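# What the coordinates show
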Amino acid sequence: MKKPEDTRVIVGMSGGVDSSVTAALLKDQGYEVIGIFMKNWDDTDEFGVCTATEDYDDVIKVCNQLDIPYYAVNFEKEYWNHVFTYFLDEYKAGRTPNPDVVCNKEIKFKAFLDHAMSLGADYLATGHYARVQRNADNTVSMLRGVDSNKDQTYFLNQLSQDQLKHVMFPLGELTKQEVRQIAVDKGLATASKKDSTGICFIGERNFKDFLKSYLPAQPGDMVTPEGEVKGQHDGLMYYTLGQRQGLGIGGAGEPWFVIDKNLKDNTLIVGQGFHHSGLYSQGLYASNINWIENKLTEPFTCTAKFRYRQSDQEVTVYPEGNGLYKIVFHAPQRAITPGQAVVLYDGEVCLGGGTIEEAIKTRESVEA
Amino acid sequence: MKNIYADHAASAPVHHEAAKAMMEAMENNIGNPSSIHHYGRKARMQLDQARQQLADSIGAAVDEIILTSGGTEADNLALVGYAKAHKDQGSHIITTQIEHHAVLHTCERLENQGFDVTYIPVNQYGQVSLEAVQEAITDKTILVSVMHGNNEVGTIQPIEEIADIAQANNVAFHTDAVQSYGLMPIDMKQTPVTLMSVSSHKINGPKGIGFLYAKKGTKLMPFLTGGEQEKKRRAGTENVAAAAGFAKAVEMAVEQREERAGFYQQLSDYFLKCLESEGVRFELNGAKEERLPHITNIFIPNISLESFLVQLDLAGIAASSGSACTAGSVEPSHVLSAMFNDPNRSASSLRFSFGQGNSFEEVEQIAKEIRTIVHRMNSG
């Protein structure tokens, strides 16, 4: 590897504390650091206020503190074509998309990585909580961030060797608390900035209102698995499997939960109790599996996550051919959601992941 | 690595003499020009001298010069101030598609307030046709606004002829001369211009000051009210030090006009020659002859502008894409869009603008760096 002072690292800076500390740490290590802000979405209102402008102002403050050059780049078009259309298409298909996974694959570590490389960068660094391990055989492995509560490998499961080779995740070795402390100690302008939450292009806005402005809502019946109508839903896309809030079904007994969606007759299947049996699956089918290192062609046992921050679950993975994989759970899992990512781990190493196509509800069908 | 500044059309460095004049004014001339005591009189005297300098530079009278915070305010006062003061006489304004945003966005605001605006197109060299101006005039037209030299591509408009057309039709004429002032002589005794906007920092004066020339008797509705400064057309205590610096910069610009224009032209010509000898594929944007001498805008096929400007900057070279962009929003240039029906043209065009500090060696260096970057991008 080149010496740090001869190594140009471009840091993707969002104006948040994580990417600010990323840039600060690399600068301390002696790298030639350049900060670049990525604008993917325009939410400028009638008074000219745009969250991107405010975030970019924070990038400027931090870069001036670190005495590094900063620039901005616009990927609104790429984001719209690759991430937002996917996001809408998935909702139209009655699924729950994960735009962060696609954004990492197509924008941050593709369009943006290409941009960084065109600027003569040796590496692109981001503030993700994950680790890149460079192996002796010239391959790279992606490891979980040491802060298990913040580990973001779930969202990075689609990255390839080529992408990861050019990537640095300096925060992977740190906990969020340590990162905040570094920001405070260094007096960075973003030290006390609140972490962003939710989907980046929706921000603090009401999710339902946002979606309504892009997709027509089709209200329909909420029914029990036995076919009893319990009320009206506002449109299937507004609901997620396992959701309790916002159903408005009263009455006696345990609270009501969304247990399934029936796109064909536009009904929302609801059931009583957090542990309603209809919410549980024995396995799932996954597509678009990306193997970060070796493509696995024989059945094997590992751990998996079906949602961000979930604790690891034991599974056995069976390649089914045609890019499809059957993943069998060692213990039943609640609210397996089509469209979300399933990510596989071997200890600290993230093996890769794919998209959940379909939950397998019964033991019989799992063993079929 | 030596840094090269080739973005003088964005802002030119303050001349040392202008800075000295400002410093002296700040340290030695402490009064408010409106005060009755001797401190006030001294400040007033310096301000009057500065105003005289500005007026003389364009053959105007001192009370035809309204000091403003810069070119943008001058454009705003000209358009909004004139339109609002003459709305009884008509509601139609004519401008072009290639004006600076200070004019275009102000016209859009006027449209929202009930005025009709015609935006005249340009040809592929960025030139407005006189016939188009003539044809656009109706009996409701009150004002024609056409810039003198374009800030992005440098094309010069025939403002003398346009001013004549406006006068013949009894319509006021405004010109944004922010980029041309100091390089293109203009004499208000010869040319029937009603309003003209000028900025200080484009001619090596300080930022934050400019003026609007308003022909004697031109009614304007002010938007800053308060004291009686600028004959009630622009309230607020005058920035005496900036005016002193501006006046010094104007004095030098007038004295050295031909010399400067000639030098900038040589730099621009040499730049194009160097690009050719480096084997860079490019096309010039803007008129070949009727162009401001310091601005060279080139189209380099198949380059990504965002990446190109960053690479130039990392190599120490400051250039621009024509209009400034914020937070990664690169709007396609409205000027190039008006000239070419080709979105790639504006996505791959760069502006270099030269000034007094530049040298032929620097121009060579820029051309070499452009070649290096083009090669790197095409091989990547």
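Quick caveat: nothing in here was measured; it's all calculated off a predicted structure. (Residues numbered from 1 in each chain as written. Chains lettered and ligands numbered in written order. Predicted model: local features only at pLDDT ≥ 70, side-chain atom pairs only at ≥ 80, totals over all residues.)

### Things to note about the overall build of chain A
Just so we agree on the cut-off: Here a helix means four or more residues in a row that DSSP labels H or I, a strand means two or more in a row labelled E, and each is numbered from the N terminus. Radius of gyration here uses only the C-alpha atoms, and the compact-globule reference equals 2.2 Å multiplied by the residue count raised to the power 0.38. Residue pairs qualify as contacts under a 7 Å threshold applied to their C-beta atoms, which are placed from the backbone.
Helix and strand content of chain A: 8 helices and 17 strands. Against the 2.2 N^0.38 benchmark of 21 Å for 368 residues, chain A shows a C-alpha radius of gyration of 22 Å, consistent with a compact globule. Each of the three principal axes of chain A carries a C-alpha extent, and together these read 65 × 55 × 35 Å. Counting contacts in chain A only where the partners sit at least 6 residues apart, residues at least 24 apart contribute 63% of the total.

### Topic: the domain arrangement of chain B
All names here are of chain B. Counted only if it meets this: Marked domain ranges trace back to an automatic or database domain assignment. Classification used: nonpolar for Ala, Val, Leu, Ile, Met, Phe, Trp, Tyr, Cys and Pro, charged for Asp, Glu, Lys and Arg, polar for all others including Gly.
Domain assignment breaks chain B into domain 1 (4-12 + 257-379) and domain 2 (16-255). Computed from C-alpha atoms alone, the centre-to-centre distance between domain 1 and domain 2 is 27 Å. Listed as interface residues are 25 residues of domain 1 and, on the opposing side, 28 residues of domain 2. Counting only elements with at least two residues in the side of domain 1 that touches domain 2, the list comes to helix H8 (257-277), strand E10 (295-299) and helix H10 (334-339). Counting residues per element, the side of domain 1 that touches domain 2 draws most heavily on H10, which supplies 4 residues. In terms of residue class, the side of domain 1 that touches domain 2 is made up of 11 nonpolar, 9 polar and 5 charged.

### Description of the UniProt feature "domain: tRNA-specific 2-thiouridylase MnmA-like central" (unreviewed entry) in chain A
The criterion, for reference: UniProt positions are given in the numbering used here, feature names are shortened, and annotations may be inferred rather than shown by experiment.
The UniProt feature table records "domain: tRNA-specific 2-thiouridylase MnmA-like central" (unreviewed entry) at residues 208-272 of chain A. What you have in residues 208-272 of chain A is 8% helix and 34% strand, and the ends, taken at the C-alpha atoms, are 24 Å apart.

### Points about the sheet that holds strand E5 (residues 141-145) of chain B
Pairing between the strands of a sheet comes from backbone hydrogen bonds, and it takes one of two forms, parallel or antiparallel. Residues and elements named next belong to chain B. For clarity, the cut-off: Only strands joined by at least two bridges in the DSSP assignment are considered to pair. Fitted lines through C-alpha atoms give the axes, limited to the stretch in contact for helices. The angle between two N-to-C directions lies from 0 to 180 degrees.
Taken together, 7 strands build an open sheet; the order of strands is E2-E8-E7-E6-E5-E3-E4 and the sheet is mixed. The open sheet is flanked by strand E2 (65-68) and strand E4 (116-120), the only strands paired with a single partner. Here the strands of the sheet are splayed against their neighbours by 20° on average, with no regard to which way each runs. Here 3 bridges tie strand E3 (residues 92-96) to E5, and the two strands are oriented parallel to one another.

### Points about helix H12 (residues 360-379) of chain B
All names here are of chain B. Worth spelling out the cut-off: By definition here, a helix of n residues has an expected span of 1.5 Å times n minus one. Exposure criterion: with C-beta atoms placed from backbone coordinates, a residue whose C-beta has 20 or more other C-beta atoms within 10 Å is buried, one with 12 or fewer is exposed, and one in between is partly exposed. For this quantity, the arc is that covered by the directions from the helix axis to the C-beta atoms.
Its 20 residues place the ends of H12 29 Å apart at the C-alpha level, agreeing with the 28 Å of an ideal helix rising 1.5 Å per residue. The complete set of buried residues in H12 reads Val 363, Ile 366, Ala 367, Ile 370, Ile 373 and Val 374. Taken end-on, H12 shows its buried residues confined to a sector of 125°, consistent with a single buried face. With respect to the buried face of H12, the exposed residues turned more than 90 degrees away are Glu 361 and Ser 379.

### Section: the pairing of E10(B)
All names here are of chain B. In terms of residue burial, E10 counts as a mostly covered element, since 5 of its 5 residues are buried. Alternating positions in E10 separate into two faces, Ile 295, Asn 297 and Phe 299 on one and Thr 296 and Ile 298 on the other, with burial throughout. The sheet contact formed by strand E9 (residues 283-285) and E10 spans 3 bridges and is antiparallel. The residue bridging Leu 284 from the neighbouring strand is Ile 298, located in E10.

### Some thoughts on the domain arrangement of chain A
Annotation of chain A at the domain level lists domain 1 (7-185), domain 2 (217-274) and domain 3 (279-367). Each of domain 1 of chain A and domain 2 of chain A has a C-alpha centre, and the two are 37 Å apart.

### Observations concerning unusual backbone geometry
All names here are of chain B. Phi is positive for Asn 170, which is not a glycine, with a value near 60°. Taking the number of C-beta atoms within 10 Å as the measure of exposure, Asn 170 has 11 and is therefore exposed. Of note in the backbone geometry, Glu 230 takes a positive phi value of approximately 50° without being a glycine. Looking at Glu 230, the number of C-beta atoms within 10 Å reads 22, which means it is buried.

### Quick notes on the UniProt feature "active site" (unreviewed entry) in chain A
Residue and element names in this part refer to chain A. Residues annotated in UniProt with the feature "active site" (unreviewed entry) correspond here to Cys 103 and Cys 200. What stands out for the annotated residues spanning 98 residues is how close their C-alpha atoms remain, the widest pair being 10.3 Å apart. Along the chain, Cys 103 turns up in helix H4 (residues 99-118). In this structure, Cys 103 is in contact with Val 83 and Lys 108, ignoring residues within four places of it in sequence. Examined against the element boundaries, Cys 200 turns out to sit in the loop between helix H6 (176-185) and helix H7 (207-212). The partly exposed category is assigned to Cys 200, around which 16 C-beta atoms lie within 10 Å.

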